[in-house]
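Residues per chain, in single letters:
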Amino acid sequence: MNLQNLNQSKQDLIAKLQAVSSEADLEIFRLEYLSRQGSIAQLFETLKTLDGEQKRLVGPQLNELKKEIQQLFDDKKEKLFQQKIHAQEEKQKYFDVTISKPVAKGSLHPYTQITEQIQNIFISMGFAVADGPELETEFFNFTALNVAKDHPARQDSDTFWIDTQHLLRTQTSTVQIRTMQTQKPPIAIIAPGRTMRNEATDASHDFMFMQFEGMYIAEKVSISNLLATLKSFLTQLFEKEITIRVRPGYFPFVEPGLEIDASCPFCTGGCSVCKRTGWIELMGAGLIHPEVLKHGGIDPTKYSGFAFGFGLTRLTMLKYQIPDIRLLHSSNIQFLQQF
Ligand code: PHE
């Protein structure tokens, strides 16, 4: 730019300013032309060097140029600012409330999943879900279940005693008696829940584990009813035909007492789960002992019943192939996310 053709310079500046479309470019324009070191300021410096006559001629033109460019610059600045505000408003107007950052999703604990599954199967067969306290009395955990005073399960090594009368239940069989005392036959219940035993912890033992109790009391209940119910249950749970094997077993509250094994649901010829035997030990069961019915206020000459109980923890570990029992209570997110 020089003082000789101010008119042309002005037109150039106007064109440049018109082409500016961002605040950043506008700032570059300001630094180049309108700042103290800018070209226009330099022209005023040059003006000082002219003689009086020329100064009088060019001075007003230069002032005019500066005023006009400054004005256009201010207009442009305001326009860009308004555009920015407008764009922000538009963005807010169309703010999509349904877009959200992905959040960590929870999942149901394997216990919860398998408990729901088992409950659904039994509910479909007409059973109701029953419950009982985890802090129990000696009566419900032992005496009413026909467990003799000198039975080893009563010793401190197995039971968490709170005082001489109270303990943390060692089995869900307590719910048998509690239900008998509050309901009249026919009774068909299942009772999943926590049980506690004073055991050293390792990969397959924990001081707390889940059990699942089942009980049916009516007239003329037999072992056949028990076996049919269990076979139907296991076949639905493992979604394949399961064969049951029965061995004698001793539990003070059933007579006869049985140990129930199931054909291994995971293999046909033997695997690590069934230790290559083709069978897995699953539960204790039997016909409810007449003494137990009496403790529950039920006439053993009129009614009979079956009961079974199994380790829900063990079943969960089998079903989901969990190698260490301690993982189930570890609150380990990586472990839990797999289910
Ligand atoms: N309560 C027994 C146990 O904890 C299992 C069982 C329940 C056995 C019902 C027979 C009948 O081992």
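All residue numbers here refer to positions counted from 1 along the written sequence of the relevant chain. This being a predicted model, a pLDDT of at least 70 is required before a residue's local features are given, and a value of 80 or more before pairs of side-chain atoms are given or counted; all residues contribute to the totals for chains, interfaces and linings. Just so you know, side-chain values use all the structure's heavy atoms and leave hydrogens and water out.

Asker: An account of the sheet that holds strand 5 (residues 208-218) is needed here, citing residue identities and associated values.
Answerer: Read across the open sheet, the seven strands follow the order 1-4-5-9-8-7-6; overall the sheet is mixed. One side of each edge strand has no neighbouring strand; the edge strands of this open sheet are strand 1 (128-129) and strand 6 (244-248). Two strands are counted as paired when DSSP detects at least two bridges linking them. Numbering of helices and strands runs from the N terminus; a helix is a DSSP stretch of H or I covering at least four residues, while a strand is a stretch of E covering at least two. Sheet topology places strand 5 next to strand 9 (residues 304-311); eight bridges connect them, and they run antiparallel. For Q211, the partnering residue across the bridge sits in strand 9 and is G311.

Asker: Would you mind going over the packing of helix 2 (residues 23-34) against helix 3 (residues 39-49) in detail, with residue names and values included?
Answerer: Their axes nearest at 4 Å, the elements helix 2 and helix 3 cross at an angle of 5 degrees. One element, helix 2, and the other, helix 3, form an angle in the roughly parallel class. Taken together, the residues of helix 3 that come into contact with helix 2 (itself represented by E32, Y33 and L34) are S39, I40 and A41. All residues other than Ala, Val, Leu, Ile, Met, Phe, Trp, Tyr, Cys, Pro, Asp, Glu, Lys and Arg, Gly among them, are scored as polar; the first ten of these are nonpolar and the last four charged. For the contact of helix 2 with helix 3, the per-class residue count stands at four nonpolar, one polar and one charged. Here the axes come from fitting lines to C-alpha atoms, over the contacting stretch only for helices, and the angles between their N-to-C directions go from 0 to 180 degrees. Working definition: roughly parallel below 35 degrees, roughly antiparallel above 145 degrees, roughly perpendicular at 65 to 115 degrees, and oblique for all remaining angles. In what follows, residue pairs with any heavy atoms lying within 4.5 Å of each other are defined as contacts.

Asker: Describe in detail the site of the ligand, supporting the description with residues and values.
Answerer: Any residue with at least one heavy atom within 4 Å of a molecule or strand is counted as near it. Surrounding the ligand, one finds 14 residues, the nearest of these being Q171, S173, R197, Q211 and G309. Take R197: an N or O atom from its side chain is 3.1 Å from an oxygen atom of the ligand. Residue Q211 places a side-chain N or O atom 2.9 Å away from an oxygen atom belonging to the ligand. The accessible surface values rely on the Shrake-Rupley method and a 1.4 Å probe; as for residues, cover is taken only from the protein chains in view. In isolation the ligand offers 330 Å² of accessible surface; the protein chains occlude 89% of this area. Polar contact is defined as a pair of N or O atoms within 3.5 Å, subject to the rule that within protein one atom must be able to donate a hydrogen and the other to accept it, and that residues adjacent in sequence are counted only when both atoms are side-chain atoms.

Asker: With reference to specific residues and values, describe helix 5 (residues 110-124).
Answerer: Helix length check: helix 5 (15 residues) gives 21 Å between terminal C-alpha atoms against 21 Å at 1.5 Å per residue, within 8%. Relative accessible area decides the class of each residue, using a 1.4 Å probe on protein chains only: under 20% of the type maximum gives buried, over 50% gives exposed, and in between gives partly exposed. For helix 5, the full list of buried residues reads P110, Y111, I114, T115, I118, Q119, I121 and F122. Down the axis of helix 5, the sector holding all buried residues measures 160 degrees, keeping them to one side. Within helix 5, the exposed residues directed more than 90 degrees away from the buried face are N120 and S124. By definition here, a helix of n residues has an expected span of 1.5 Å times n minus one. The arc refers to the directions leading from the helix axis to the C-beta atoms.

Asker: Account for unusual backbone geometry, naming residues and giving values.
Answerer: A cis amide bond links P185 with the next residue in sequence, P186, at an omega value of 0 degrees. Locating P186 in the fold gives a position in the loop between helix 7 (174-182) and strand 4 (187-196). Put simply, E255 and P256 share a cis peptide bond, and its omega is -5 degrees. Take P256: it is sitting in strand 7 (residues 254-263). One non-glycine residue, Q321, adopts positive backbone phi at about 55 degrees. Within the secondary structure layout, Q321 lies in the loop between helix 10 (312-320) and helix 11 (333-336). Phi at S331 is positive, roughly 55 degrees, even though this residue is not glycine. If you trace the backbone, S331 turns up in the loop between helix 10 and helix 11.

Asker: Describe the side chain of Q211, listing the residues and the values that go with them.
Answerer: In this structure, Q211 sits in strand 5. What Q211 contacts, discounting residues up to four positions off in sequence, is T170, Q171, T172, A191, P192, G193, T195, R197, F310, G311 and L312.

Asker: I'd love a proper account of the nonpolar core, names of residues and values included.
Answerer: Membership of the largest hydrophobic core comes to 43 residues, with the highest contact counts inside it found for I118, F233, L234, M283, F308, F310 and L315. If one sorts the elements of this core by residue count, helix 8 (residues 223-238) sits on top with six residues. By nonpolar core we mean a set of buried residues, namely Ala, Val, Leu, Ile, Met, Phe, Trp, Tyr and Cys, connected to one another through side-chain atoms within 4.5 Å. Counting 23 residues, the second largest nonpolar core, distinct from the first, contains L145, L167, I288 and V292.

Asker: With reference to specific residues and values, describe the packing of aromatic side chains.
Answerer: Two rings from Phe, Tyr or Trp (for Trp, the six-membered ring) form a pair when their centres sit within 6.5 Å of each other. Planes less than 30 degrees apart are called stacked, planes more than 60 degrees apart edge-to-face, and all others tilted. Taken as a whole and assessed by the stated rule, the structure comprises 16 aromatic pairs. Seen from their ring centres, F122 and F212 are 6.3 Å apart, and the 25 degrees between their planes marks the pair as stacked. With F122 in helix 5 and F212 in strand 5, this pair connects stretches of sequence that are 90 residues apart. Here the aromatic rings of Y216 and F306 are separated by 5.6 Å at their centres, their planes lie at 55 degrees, and the arrangement is tilted. Of the two residues, Y216 is situated in strand 5 and F306 in strand 9; the sequence distance between them amounts to 90 residues. With a relative accessible area of 1%, F306 lands in the buried category. Placement of a charge over a ring requires the Lys NZ or Arg CZ to be within 6 Å of the ring centre, with the centre-to-atom vector within 35 degrees of the ring normal. Of note, R178 hangs over the ring of F140, and the distance from its end group to the ring centre comes to 4.0 Å.

Asker: Could you give me a rundown of the environment of F73, with the residues and numbers involved?
Answerer: With respect to the helices and strands, the residue F73 is situated in helix 4 (residues 52-93). For F73, a relative accessible area of 6% translates into the label buried. The spacing of F73 and L34 is 39 residues in sequence and 9.1 Å in space, taken between C-alpha atoms. Setting aside residues no more than four positions away along its own chain, F73 makes contact with L17, L26, F29, R30 and L34.

Asker: Please provide a residue-by-residue account of the state of the cysteines, values included.
Answerer: Disulfides are covalent bonds that link the sulfur atoms of two cysteine residues. By convention in this document, the label disulfide applies to cysteine sulfur atom pairs within 2.5 Å. Per the stated rule, a full pass over the model turns up zero disulfides. Free of any disulfide, C267 has its nearest cysteine sulfur in C271, 3.6 Å distant. When its relative accessible area of 17% is taken as the criterion, C267 is described as buried. There is no disulfide at C274, and the cysteine sulfur nearest it, in C267, is 3.6 Å away. According to the relative accessible area criterion, C274 is buried, its value standing at 3%.

Bear in mind that shape data such as this cannot, by itself, settle questions of function.
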